[in-house]
Structure formats: structure tokens, C-alpha cells
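Descriptive analysis of the structure
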Number of protein chains: 2
Amino acid sequence: MARVRLKDVAAACGVSPATVSLVLNEASDRIPATTIARVRAAADELGYTPNTVARSLRTRRTHTIGAVTDTLITTASSAPMVQGALDVAWRHDHLVLWLGTEDQPDHLRQAIASLVARQVDGFLVGAMYHRRLPFASLTQGIPTVGLNAVSDDPAAPCFVPDDFGAAHAAVRLLLDHGHRRIAHISEPHGDGLARQLRVDGFRAALSEAGLGEGRVLVPPHWHEGSGFAEELALRALDAPDRPTAIFAFNDIAAIGVYHAARRLGLSIPDDLSVVGFDDYVNVASELYPKLTTMALPHRRMGQLATEALLARLGVLDGEAPEGVTRVACPPVVRDSIAPPPRDR
Amino acid sequence: MARVRLKDVAAACGVSPATVSLVLNEASDRIPATTIARVRAAADELGYTPNTVARSLRTRRTHTIGAVTDTLITTASSAPMVQGALDVAWRHDHLVLWLGTEDQPDHLRQAIASLVARQVDGFLVGAMYHRRLPFASLTQGIPTVGLNAVSDDPAAPCFVPDDFGAAHAAVRLLLDHGHRRIAHISEPHGDGLARQLRVDGFRAALSEAGLGEGRVLVPPHWHEGSGFAEELALRALDAPDRPTAIFAFNDIAAIGVYHAARRLGLSIPDDLSVVGFDDYVNVASELYPKLTTMALPHRRMGQLATEALLARLGVLDGEAPEGVTRVACPPVVRDSIAPPPRDR
DNA sequence: TTGTATGCGTTATCAC
DNA sequence: GTGATAACGCATACAA
């Protein structure tokens with residue numbers, strides 16, 4: 001019942017353990033085909049699986065990636081990021097030890113330390129929303145890539161959404177439909193980097209179209225749910241010079257806009273066009289009318305970050321990009337945009 | 001730059017490696033306090049961290065749990081399950097290697113095999129929706145616990161939602177408000193176990209109330225999104241003897257009911273009460289009116305499963321329960337239930 | 001071409 | 001009380 005070891009395979013086909021090792025690792029090209037076949041057959045028959053911990057001790061490579069992220073649960077969008085990383089790692093014979101820090105102070109440091117003790121080959125340090133995370137000092141020289149997070153080390157490869165570009169594209173979508181009075185509902189100030197980038201993208205698109213600075217509505221402080229956006233939208237839409245389109249910071253804020261429109265008897269998209277951000281599962285696609293929004297490329301980011309890390313580890317060919325890479329956020333066009341109403 | 005090893009701290013304080021090991025593992029009570037202090041001090045000063053792979057090779061324990069689940073991404077609810085498992089494992093000095101199989105055939109077997117090669121101490125085999133998963137034969141005698149999945153080995157501990165009880169409770173909620181004509185919108189037949197259990201809970205509650213079998217609406221085949229439920233609800237609500245309340249299989253189906261009500265000019269909850277299931281993030285709480293629903297205890301299940309596994313591994317005291325444990329699904333009461341309209 | 005010897009960093013079983 | 005010493009399972013430089 002005990003697991004079969006290299007030694008057993010060697011004994012079974014009358015060669016030394018060294019030979020078996022050479023054959024199984026394809027480390028020597030000077031072994032006769034007959035022995036190779038014999039060894040392979042024996043290994044197969046006995047069901048030999050190398051003991052990776054012994055191998056790791058010897059090679060100083062665990063083929064394991066340590067991943068540390070803040071809480072996994074608050075945002076539904078985390079799963080694709082994880083899955084993307086898992087996939088790529090698995091495809092290249094690596095496994096990942098995942099740890100959620102739940103944002104407890106000092107937990108990040110502890111988590112990294114315990115992964116260092118496990119001899120992980122590299123680190124993925126991630127955040128569930130795009131922000132700055134000072135991790136360069138913690139990973140003790142082990143190759144590290146930021147995932148949805150920007151490092152304090154400017155050279156560290158980091159993969160984040162292109163919030164600016166996506167906001168710009170979202171506004172262009174509205175402009176192309178003929179809208180001229182477009183407002184942006186933002187989120188409260190915080191440590192997230194997306195807020196400012198989306199505001200900037202919004203403003204850039206408007207200003208390029210010769211429409212000035214644009215109107216940005218910012219809730220005074222953070223609230224759970226769409227309530228804050230609803231209030232903001234209500235006030236903006238109830239005024240004489242109301243916007244014909246709203247670009248919402250995210251899909252939740254867009255829900256607030258929908259609620260406000262309903263309360264005011266405005267029809268989307270006939271009276272008001274709306275664009276969201278994030279493409280939340282079961283949200284954007286289930287609103288009535290279905291919400292046009294910018295998708296966060298979480299899965300792609302997870303894949304890219306892991307590929308970059310594997311490149312730095314030498315298991316993949318090619319160079320890992322230095323510094324921050326912005327990943328495109330594709331638009332998901334649904335039913336919430338139409339040309340603006342003729343007159344008012 | 002090289003990491004400091006046990007040998008180094010032994011040399012630093014003039015004792016043998018064996019002694020250091022004994023001290024650091026508190027394995028002997030016959031070591032004088034002075035040596036203990038000396039060793040501790042040296043270890044601290046040098047920043048010694050045990051190499052866990054060497055330790056694992058020796059102790060045959062990796063303090064690592066292998067977790068295999070089908071795809072992580074299709075359901076948003078997966079993250080709490082993962083987080084719950086990670087938390088408990090971490091709290092007891094264990095780490096988890098997570099693998100998503102993406103439902104590719106044979107991938108489950110491969111995933112388990114590669115985790116076995118890593119010498120994981122135990123397995124968590126999970127599904128993202130409650131179903132049967134034949135994994136007992138794959139885990140090669142390594143302790144295994146099912147997470148949202150039922151094993152083919154009746155003795156294997158498995159943790160699943162109490163779908164029957166929750167459906168029963170949901171219907172009781174409606175009955176207590178005075179409803180008598182209650183319909184259930186189910187999902188199409190598939191390999192999920194929740195469907196039948198929720199139907200059974202629905203029927204049991206009605207029959208206990210002397211209301212017969214109840215009306216169960218089943219879509220003929222699977223569709224993405226809420227469309228199927230909308231059609232079903234539309235037909236039921238447009239008939240002369242329409243239900244005053246609908247218990248939906250899940251929150252997505254509940255959205256379909258909302259859409260149908262809107263199209264028919266029925267007001268929720270005044271004309272129609274609705275109860276959902278799953279408590280999807282950003283869905284149930286953002287509908288108008290906010291949806292009353294039964295929460296899936298994903299996080300709790302993740303925790304319980306991991307605790308059971310650790311108990312089987314001897315790192316936690318207590319026994320792991322044998323067989324299937326049903327975990328309660330707490331109701332989340334919001335605004336979608338009211339007494340039925342007086343007459344019609 | 002294959003086998004022998006040694007080391008990877010621990011823990012554990014002994015003597016001393 | 002403490003220190004040699006032998007595993008743990010594998011990889012590899014070198015010898016044969």
C-alpha cells in the first residue's frame with residue numbers, strides 16, 4: 001500500500017535509481033531505447049509518481065506560486081481572476097497556494113512570510129479592486145507580479161485594467177450616438193485608483209469633442225448599494241438642463257440611475273442613455289433594459305500576470321514586461337443606449 | 001543572501017542542529033531554560049524560518065490541503081466558499097492548493113493525481129452547484145471531504161445546503177403572510193440536486209398546510225438568464241386563477257418573475273409576493289423592491305468542510321461527521337413579501 | 001551507457 | 001540534557 005518510489009521502479013527493472021531518474025526526466029540522450037522502454041514500462045505498471053517534495057528539496061524549485069489577495073468575497077468579480085491564474089499555472093505544471101488576507105492589518109506580511117517558508121517560486125500579489133499595494137519590500141527578493149494592484153517598486157510587473165481608456169471609450173459610445181449633455185456619476189474618494197482614472201477618461205473624451213469639462217457627480221461618502229447614485233441621479237435628472245446620458249462609475253451606480261429614472265418616469269434608453277462599468281454577473285445582463293457596460297478583464301489579467309511571473313521564473317520563454325501594463329476593458333453593448341430625445 | 005538554515009543557528013549558538021530542532025519544536029521538556037533562551041535568541045536574530053519542504057519530506061506531512069472544484073467562474077457565489085476554506089486552513093497552520101477543473105472531462109482525475117504527487121494531506125472536492133460527484137475512487141485513500149457535493153462513498157463527510165429545509169421555510173414565510181395560491185418556478189432537469197429538493201420542500205410545506213400538491217412550473221430546457229422564468233410566470237399570472245405568491249428556484253428566476261409582473265402591470269409585493277433563493281450579491285439587494293430570498297451558506301460550508309477535514313487529519317480535536325451534513329440556509333427578509341390582495 | 005556517492009534541510013532514534 | 005547519525009525520496013557530478 002505504501003507509495004511506489006523511484007527505488008522500487010529501479011529494482012523492478014534491474015537498473016539503478018539514477019538511470020530511472022535520467023530516463024524519466026529525459027536528462028540524458030545517451031540511454032539506449034531498450035532501457036528507456038523497460039524503465040517506462042515498469043514505471044507505468046507500478047504506477048510510479050515522483051514525490052515532488054523530495055524533488056523540490058533537491059532542485060530548490062517547488063513549482064508552486066504563492067498568491068496573496070485581499071478578501072475574496074466582497075467582490076463577485078474575483079473568481080475569474082483566480083481562475084485565470086490557476087489555469088495558466090496548471091498548464092505549465094505549476095500549482096498555486098492561495099491566501100486571502102481579508103484586509104486585516106499585518107496579515108499580508110504574515111501571509112507572505114508563511115508562503116516564503118513554503119519555498120514558493122514566485123508571488124502573485126493581488127487586490128480585488130484596482131489600487132496601490134506596497135508589497136515589494138515583503139517578498140524577500142522572490143519574483144513578484146502585481147495583479148489588479150500597483151507595486152511600490154516601479155520595475156515590478158503589474159497588471160491592471162485600463163480604466164482611463166475604457167472610460168474614454170464608454171463616453172465615445174455615447175458621443176457617437178449624438179449625446180452632448182453627458183454626466184458622470186463617480187464613487188466617493190478612497191484608496192481605489194479606478195475612480196480618478198475613470199473621471200479622467202470621461203473628461204478627456206468630452207474635451208476632445210469640444211464639450212468642455214463635463215459634469216462629475218461625487219457622493220460625499222461611501223454607502224452600501226446603489227442608493228447614493230440614485231440620489232445623485234435624481235437631483236441631476238430633475239433639473240431643467242438634465243443630461244441625456246449618464247456614464248456610471250460601475251454597474252451598481254448604474255442601477256441607482258435606473259431607479260432614479262423609474263421614479264421620474266423617464267424611460268431608458270429613450271429618454272436617458274446609461275453606460276455602466278464592470279459587467280457584474282447576473283446584474284448588467286438582467287437589468288431592464290439590459291445594461292451596456294465596460295467589462296473588467298479579470299480573467300485575462302489573471303492569465304497575463306501568471307504568464308509574466310512564469311516568464312520571470314524562466315519556465316516560459318520571453319520577457320516579462322516591466323512596470324504597469326494596462327489591460328483593455330472590452331465594451332459589452334446591450335440595450336441601454338439610444339440617440340438622445342429630439343427636444344425638450 | 002542565502003537563507004539561514006537550522007545548521008546556521010546551531011553554529012551561531014554553539015549547539016547541535018538536533019538541539020535547535022528540539023527547542024524550536026518544543027519536543028523535549030528536558031532542555032534547560034538557558035539553552036532554550038539562547039537558541040530562541042539566535043534564531044530570532046538570524047531570522048530563521050524553517051524550510052517546510054525539508055520538514056515535509058521528513059515528517060510526511062505537508063500541512064497542505066488540495067482543493068479541487070469545477071469551474072470557479074460561472075457562479076459568483078463560489079468565492080465565499082473558497083474564502084471560508086482558506087480561512088479555516090490558515091488558522092490551523094495549513095495552506096490550500098486550489099485547482100479549478102473547468103468541467104473538462106478527465107480533468108478532475110488529473111487534478112487529483114497532481115495533488116497527490118504533491119503529497120497533500122487531505123482533499124476538499126467541491127462543486128459550484130449542489131450535485132453528486134464521484135470522487136471517492138480517485139483520492140487514493142487520502143482523507144477527503146465533499147464541499148457542495150455528495151460523494152459516491154456514503155461514509156465520506158460532505159457538506160451541502162439544506163435545500164429541502166430552506167424551500168420549506170420559504171414557503172412557510174408565504175403561508176404565514178396568508179397566501180394560499182402559491183406557485184413554484186423550478187429549473188430544468190439536470191444533474192443538480194437542489195432542483196428536486198426545493199420542489200420537495202415546496203410540496204411538503206403546502207401539503208402540511210392542507211393545500212395539496214402545489215403548482216410546479218418547469219421550463220422544458222435550460223436557458224441563460226431569467227427569460228425562461230419570465231415566460232413561465234407570464235403564463236401563470238395571466239390566467240384567471242393566478243397565484244398570489246411565487247417561490248422561485250433562484251434569484252435569477254425571481255428576476256424573471258419581476259419582469260413578468262412589470263409587463264402585466266402587477267405590483268410587487270402588493271399584487272404578488274416573491275421569494276427567491278441564493279441571495280446573489282448585488283442582485284437580490286438591488287432589485288426593486290428588494291428581494292426576500294434564502295441565502296446559500298457558502299462560506300459556512302467552506303469552513304465546516306475544512307474543519308471536518310482537519311479533524312480527520314488529527315489536527316483538530318473532535319470527530320468529523322460521517323456522510324452528508326445539511327447546512328442551514330438563513331432567510332434574508334427584504335421587501336418582496338406582503339399579504340395577498342383581498343379579492344379579485 | 002550505467003552505477004556510486006553525495007547532498008538538499010529537516011526530524012527522530014538512539015547513544016553518551 | 002545533548003550530540004552524532006540515519007533516514008525522508010530524489011537529482012546529479014563523477015567514476016566505472
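Residues numbered from 1 in each chain as written. Chains lettered and ligands numbered in written order. Predicted model: local features only at pLDDT ≥ 70, side-chain atom pairs only at ≥ 80, totals over all residues. Heavy atoms only, no water.

1. Quick notes on the protein's contact with DNA strand C
Test applied: The criterion for a residue being near a molecule or strand is simple. One of its heavy atoms has to lie within 4 Å of it. Any pair of nitrogen or oxygen atoms within 3.5 Å is treated as a polar contact; in protein, a donor-acceptor pairing is required on top of that, and neighbouring residues in sequence qualify only through side-chain atoms on both sides.
Close to DNA strand C lie 25 residues; Pro32, Arg58 and Arg60 of chain A together with Leu6 and Arg58 of chain B are nearest. Expressed as a percentage, the sugar and phosphate content of the atoms of DNA strand C within 4 Å of the protein is 74%. Thr19 of chain A places a side-chain nitrogen or oxygen 2.8 Å from a phosphate oxygen of DNA strand C. One nitrogen or oxygen atom from the side chain of Arg5 of chain B is found 3.3 Å from a phosphate oxygen belonging to DNA strand C.

2. Concerning the sheet that holds strand E6 (residues 182–185) of chain B
Residues and elements named next belong to chain B. We count it as follows: By this definition, two strands are paired if DSSP reports at least two bridges between them. Numbering goes from the N terminus for both helices and strands, where a helix is a DSSP run of H or I of at least four residues and a strand is a run of E of at least two. Contacts are assigned to residue pairs with any non-hydrogen atoms lying within 4.5 Å of each other. Helix axes are fitted to C-alpha atoms over the stretch in contact, other axes to C-alpha atoms as well, and angles between N-to-C directions run from 0 to 180 degrees.
Spatially, the 6 strands line up as an open sheet ordered E7-E6-E8-E9-E10-E12, and their pairing is mixed. Looking at which strands have only one partner, the edges of the open sheet turn out to be strand E7 (215–217) and strand E12 (331–332). Pairing between strand E9 (residues 273–278) and strand E10 (residues 292–295): 4 bridges, direction parallel. Bridged to Asp278 within E10 is Ala295. Against the sheet, helix H8 (residues 194–208) touches E6, E7, strand E8 (245–248) and E9, its axis set at about 175° to E6.

3. Describing the packing of aromatic side chains
Residues and elements named next belong to chain A. For clarity, the cut-off: Put simply, two rings from Phe, Tyr or Trp (the six-membered ring, in Trp's case) pair if the centres are within 6.5 Å, and we call them stacked under 30 degrees between planes, edge-to-face over 60, tilted for the rest. Only protein chains enter the calculation, and the probe is 1.4 Å; a residue is then buried if its accessible area is under 20% of its type maximum, exposed if over 50%, and partly exposed in between.
Under the definition given, this model contains 4 aromatic pairs over all chains. When the centroid spacing of 6.3 Å and the interplanar angle of 45° are considered together, the rings of Phe247 and Phe277 count as tilted. Of the two residues, Phe247 is situated in strand E8 (residues 245–248) and Phe277 in strand E9 (residues 273–278); the sequence distance between them amounts to 30 residues. Phe247 sits in the buried class, given a relative accessible area of 0%.

4. Comments concerning the pattern of salt bridges
Quick note on the threshold: We define a salt bridge as a contact between a side-chain nitrogen of Lys or Arg and a carboxyl oxygen of Asp or Glu at a distance within 4 Å.
Overall, the coordinates contain 30 salt bridges over all chains when judged by the stated rule. A salt bridge links Asp278 of chain B to Arg198 of chain B, with the shortest nitrogen-to-oxygen separation between them at 3.6 Å. Note that Asp278 of chain B is positioned in strand E9 and Arg198 of chain B in helix H8, a separation of 80 residues in sequence. Each member of the pair, Asp278 of chain B together with Arg198 of chain B, is buried. A single network of salt bridges, built from pairs that share partners, joins Asp70, Arg131 and Asp191 of chain A.

5. Focus: the packing of helix H9 (residues 227–237) of chain B against helix H10 (residues 251–264) of chain B
All names here are of chain B. Quick reminder of the rule: Here roughly perpendicular refers to angles of 65 to 115 degrees, roughly parallel to angles under 35, roughly antiparallel to angles over 145, and oblique to all remaining angles. Put simply, a crossing is left-handed when the front helix is turned counterclockwise from the back one by less than a right angle, and right-handed when it is turned clockwise. Think of it as three bins: nonpolar holds Ala, Val, Leu, Ile, Met, Phe, Trp, Tyr, Cys and Pro, charged holds Asp, Glu, Lys and Arg, and polar takes everything else, Gly as well.
At a minimum axis distance of 7 Å, the contact between H9 and H10 shows a crossing angle of 45°. Accordingly, the angle class assigned to the pair H9 and H10 is oblique. Here the hand of the crossing between H9 and H10 comes out right-handed. Across the interface between the two elements, Phe228, Ala229, Glu230, Glu231, Ala233, Leu234 and Leu237 of H9 pack against Ala253, Gly256, Val257, His259, Ala260, Arg263 and Leu264 of H10. Grouping the constituent residues of the contact of H9 with H10 by class yields 9 nonpolar, 2 polar and 3 charged.

6. Here's the deal with the protein's contact with DNA strand D
Around DNA strand D, the structure places 24 residues, and the nearest of them are Leu6 and Arg58 of chain A together with Thr19, Arg30 and Arg60 of chain B. Each atom of DNA strand D within 4 Å of the protein was assigned to sugar, phosphate or base; sugar and phosphate come to 72%. Contact between DNA strand D and Leu6 of chain A: a phosphate oxygen at 2.6 Å from a main-chain N or O atom of the residue. Between a phosphate oxygen of DNA strand D and a main-chain N or O atom of Ser16 of chain B, the distance comes to 3.0 Å. When residues of the surface near DNA strand D are traced back to their parent elements, those giving at least two are helix H2 (17–24) and helix H4 (52–59) of chain A together with helix H2 (17–24) and helix H4 (52–59) of chain B. By residue number, the principal contributor to the surface near DNA strand D is H4 of chain A, which donates 4 residues. Split into classes, the residues belonging to the surface near DNA strand D amount to 10 nonpolar, 8 polar and 6 charged.

7. Observations concerning the sheet that holds strand E5 (residues 158–161) of chain B
The strands making up a sheet associate through backbone hydrogen bonding, with each pair oriented either parallel or antiparallel. With mixed pairing, the 12 strands of this open sheet are ordered in space as E11(A)-E5(A)-E4(A)-E3(A)-E1(A)-E2(A)-E2(B)-E1(B)-E3(B)-E4(B)-E5(B)-E11(B). Since the sheet does not close on itself, it has two edges, and those belong to strand E11 (324–327) of chain A together with strand E11 (324–327) of chain B, each with one partner. Between one strand and the next, the sheet's axes are offset by a mean angle of 25°, whatever the strand orientation. Pairing analysis gives 2 bridges linking strand E2 (residues 95–100) of chain A to strand E2 (residues 95–100) of chain B, with the strands arranged antiparallel. Bridging across to E2 of chain B, Trp98 of chain A finds its partner in Val96 of chain B. The sheet contacts of helix H6 (residues 107–117) of chain B involve E2 of chain A together with strand E1 (64–69), E2 and strand E3 (122–132) of chain B, and relative to E1 of chain B the element is tilted by about 175°.

8. Concerning the relation of the copies chain A and chain B
The condition that has to hold: Only residues with pLDDT of at least 70 in both copies contribute their C-alpha atoms to the least-squares superposition of the copies.
The two copies are related by a screw motion: chain A maps onto chain B through a turn of 180° and a shift of 0.0 Å along the axis, at an RMSD of 0.2 Å. In symmetry terms, the pair is related by a two-fold rotation axis. In this assembly, 98% of the residues forming the interface of chain A have copies in chain B that are likewise at the interface, indicating an isologous arrangement.

9. Remarks on unusual backbone geometry
Cis rather than trans, the peptide bond between Tyr288 of chain A and Pro289 of chain A has omega equal to -5°. Summarising the element assignment, Pro289 of chain A is placed in the loop between E9 and strand E10 (292–295). Cis geometry marks the peptide bond from Ile268 of chain B to Pro269 of chain B; its omega dihedral reads 5°. Within the secondary structure layout, Pro269 of chain B lies in the loop between H10 and E9. For Arg60 of chain A, which is not a glycine, the phi torsion comes out positive at approximately 60°. The residue Arg60 of chain A is located in the loop between H4 and strand E1 (64–69) in this model.

10. As for the side chain of Thr292 of chain A
All names here are of chain A. In this structure, Thr292 sits in strand E10. Overall, Thr292 belongs to the buried group, its relative accessible area being 1%. Look past the residues within four positions of Thr292 in its chain and what remains in contact with it is Leu173, Val274, Val275, Gly276, Val332, Val333, Arg334, Asp335, Ser336 and Ile337.

11. Observations concerning the domain arrangement of chain A
All names here are of chain A. Counted only if it meets this: Here the bounds of each domain stem from an automatic or database domain assignment. Once two parts are joined, some of their accessible surface, as seen by a 1.4 Å probe, is lost; buried area is that loss totalled over both.
Splitting chain A by domain gives domain 1 (6–50), domain 2 (63–161 + 298–327) and domain 3 (163–296 + 331–343). Computed from C-alpha coordinates alone, the two centres of domain 2 and domain 3 are separated by 31 Å. In this assembly, 8 residues from domain 2 lie in contact with 8 residues from domain 3. When domain 2 packs against domain 3, the two sides together hide about 770 Å² of surface, and 58% of this comes from carbon and sulfur.

12. Comments concerning the interface of chain A and chain B
With 56 residues of chain A at the contact, the number on the chain B side is 56 residues. Taken over both partners, the interface formed by chain A and chain B buries close to 4700 Å², and the fraction arising from carbon and sulfur atoms is 60%. Three residues, Trp90, Arg118 and Glu286 of chain A, lead the burial of chain A against chain B; their summed loss comes to 15% of the area buried on that side. For the pair chain A and chain B, the number of links is 20 residue pairs in polar contact (both at pLDDT 80 or more). Counting residues per element, the side of chain A that touches chain B draws most heavily on helix H5 (residues 78–91) of chain A, at 8 residues.

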